[in-house]
Amino acid sequence: MLQHRSTESGVAPISASVGTMKILVTGGTGYIGSHTVLSLQEAGHDVVVLDNLVNSSEESLRRVSELTGKTAAFHQVDLVDEPAVEAVFDQHQIDAVIHFAGLKAVGESVQEPLAYYYNNIVGTLNLLRAMDKHNVRSIVFSSSATVYGEHNPIPYIEKMEIGANNPYGRTKEQIEDILSDLGNADDRWHIALLRYFNPVGAHPSGRIGEDPQGIPNNLVPFIAQVAVGRREKLMVFGGDYDTPDGTAQRDYIHVVDLADGHVAALNYIAERAGVRRWNLGSGRGSSVLEVLRSFEKAVGQPIPYEITGRRAGDLPAFWADASSALADLGWSTTKTVDQMCEDHWRWQKNNPYGYNAAEPAAASNA
Ligand code: NAD
Ligand code: UD1
């Protein structure tokens with residue numbers, strides 16, 4: 001097994017090819033986390049998951065285990081509980097961390113900024129302090145395209161000035177800053193900041209997928225719940241943008257491609273100290289109506305919708321310049337929007353209430 005954990009004396013990774021590592025995945029029961037646990041296990045790594053289950057269910061890990069035939073050790077721990085975080089590092093010889101855990105609803109972050117700053121920033125600080133204490137200094141962090149803010153031209157390139165325009169996005173930006181300062185101060189750290197564009201889809205087995213609590217904020221989960229009969233119709237936020245069909249364009253990325261991007265980033269930083277940032281997107285924009293049409297194709301019938309006013313804070317269009325990830329990591333997306341919708345639909349159709357067997361009491365129709 002590759003020993004790539006740095007030591008107090010600053011010893012660099014010892015192998016040019018990455019072997020089996022023990023990876024701590026925070027937020028590993030969540031949507032992107034569970035798909036990444038699967039990709040890591042398929043790549044031969046041992047996985048330890050830490051999650052407080054505030055927005056997920058341990059059922060996702062049971063299903064990952066069914067698919068891979070491997071079991072991840074699970075710790076129900078809140079990252080704001082520093083001693084509990086340390087205990088996980090005491091118990092396992094961790095080589096590297098993939099840090100997904102965090103709150104992620106933009107609207108909620110505007111209403112409850114303290115909860116977002118506390119959870120995301122304090123949680124990350126506790127994680128980093130525990131890592132440092134235990135000589136674990138490799139981390140892949142879930143950042144977001146939201147850090148590019150409102151004023152950058154498209155496509156977004158990693159070297160652009162960033163500036164998020166909501167508390168959620170600012171927690172991402174601030175964590176990027178914390179990690180950059182850390183990497184600059186101490187060259188034993190190996191840091192990847194991954195800026196995701198719009199993750200959608202599900203594992204093609206239909207066994208794991210996105211399971212939003214309450215009314216979905218994001219486009220594809222909402223369409224999926226209309227298609228399965230949980231909601232009446234999609235409200236398309238804005239039909240008068242300066243785009244080919246008047247609806248807003250985004251860079252959708254299949255969650256399995258995204259998960260594989262983490263394995264690629266992990267392999268890259270295992271051998272290289274320093275701080276690096278990569279966009280993980282397809283480099284193409286798709287409009288709301290294009291996504292809706294793809295989903296209708298997957299379902300085989302029309303999905304009711306109505307064009308309504310723009311959503312506050314939305315941008316007309318953005319997508320990634322995805323060339324750095326290709327050049328550095330040899331990674332690019334492989335799946336089309338049609339495939340994202342087919343896979344998302346398979347998951348939703350087979351699991352109409354997500355990981356719950358029946359409709360949760362609070363999740364009535366919008
Ligand atoms: P998710 O909510 O499904 O997963 C996040 C997980 O973190 C959940 O399982 C939740 O229970 C856990 N968590 C939250 N706070 C915690 C804490 N204090 N301690 C322990 N666990 C905690 O979300 P996701 O879509 O899988 O997103 C994963 C990461 O990627 C998040 O950091 C998110 O901000 C980021 N991201 C997501 C998107 C997206 O559209 N899904 C886009 C860009 C970035
Ligand atoms: C959202 C987040 C952003 C995050 C990104 C990644 C907000 C304001 N922003 O952005 O921080 O990084 O997800 O997944 O939440 N739409 C509809 N009807 C709906 C839902 C969405 O028309 O019911 C439209 C939106 O107006 C947008 C597009 O669909 O044009 C995509 O929306 P969404 O999935 O929420 O993603 P983003 O707005 O890109």
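All values derive from a computational prediction rather than experimental measurement. (Residues numbered from 1 in each chain as written. Chains lettered and ligands numbered in written order. Predicted model: local features only at pLDDT ≥ 70, side-chain atom pairs only at ≥ 80, totals over all residues. Heavy atoms only, no water.)

(A) Molecular detail of the site of ligand 2. The local shell around ligand 2 holds 22 residues, among which M235, F237, R250, R311 and D314 are the closest. Take N198: an N or O atom from its side chain is 2.9 Å from an oxygen atom of ligand 2. A distance of 3.5 Å separates an oxygen atom of ligand 2 from a polar atom in the backbone of N217. Calculation on ligand 2 without its partners gives an accessible area of 730 Å², and the protein chains cover 88% of this total. The set of elements that each furnish at least two residues to the shell around ligand 2 consists of β7 (198-200), α7 (219-227) and β8 (234-237). The leading source of residues in the shell around ligand 2 is β8, at 4 residues. Split by residue class, the shell around ligand 2 holds 14 nonpolar, 5 polar and 3 charged. (Near = heavy atom within 4 Å. Polar contact = N/O pair within 3.5 Å; in protein donor to acceptor, adjacent residues only side chain to side chain. Areas by Shrake-Rupley, 256 points an atom, 1.4 Å probe, with all protein chains shown as cover. Helix = DSSP H or I, 4+ residues; strand = E, 2+ residues; numbered from the N terminus. Nonpolar A, V, L, I, M, F, W, Y, C, P; charged D, E, K, R; others polar.)

(B) Quick peek at the packing of aromatic side chains. Inspection of every chain in the model, using the stated rule, returns 8 aromatic pairs. Their ring planes at 35° and their centres at 6.4 Å tell us that Y148 and F197 sit as a pair that is tilted. Placement of the pair is Y148 in the loop between β5 (138-144) and α6 (167-185) and F197 in the loop between β6 (190-196) and β7, with a sequence separation of 49 residues. Residues Y148 and F197 agree in their burial class; the two are buried. Aromatic rings pair up to connect Y148, Y156, F197 and F318 into one cluster. Between R272 and the ring centre of Y268, over which it is positioned, the NZ or CZ distance is 3.8 Å. (Phe/Tyr/Trp six-rings, centres within 6.5 Å; stacked < 30°, edge-to-face > 60°. Buried < 20%, exposed > 50% of the residue type's maximum accessible area, 1.4 Å probe, protein only. Lys NZ or Arg CZ within 6 Å of the ring centre and 35° of its normal.)

(C) Inspection of the confidence of the model for the protein chain at higher detail. Looking at the protein chain as a whole, the pLDDT averages 93, with 93% of positions reaching at least 70. Taken as a whole, residues 1-17 scores under 50 in pLDDT and shows 42 contacts with residues more than four places along the chain or in a different chain. (pLDDT = per-residue confidence, 0-100. Contact = heavy atoms within 4.5 Å.)

(D) Here's a closer look at the side chain of Q249. Inspection of the secondary structure puts Q249 in strand β9 (residues 249-250). Relative accessible area serves as the criterion here: at 13%, Q249 is assigned to the buried category. With residues up to four places along the chain from it excluded, the contact list for Q249 reads T243, P244, S286, S287, P316, A317, F318 and W319.

(E) Highlighting the environment of I157. You can see I157 is positioned in the loop between β5 and α6. When the C-alpha positions of I157 and W278 are compared, they lie 8.7 Å apart, and in sequence the two are 121 residues distant. Aside from chain neighbours lying at most four places away, what touches I157 is Y148, N279 and D321.

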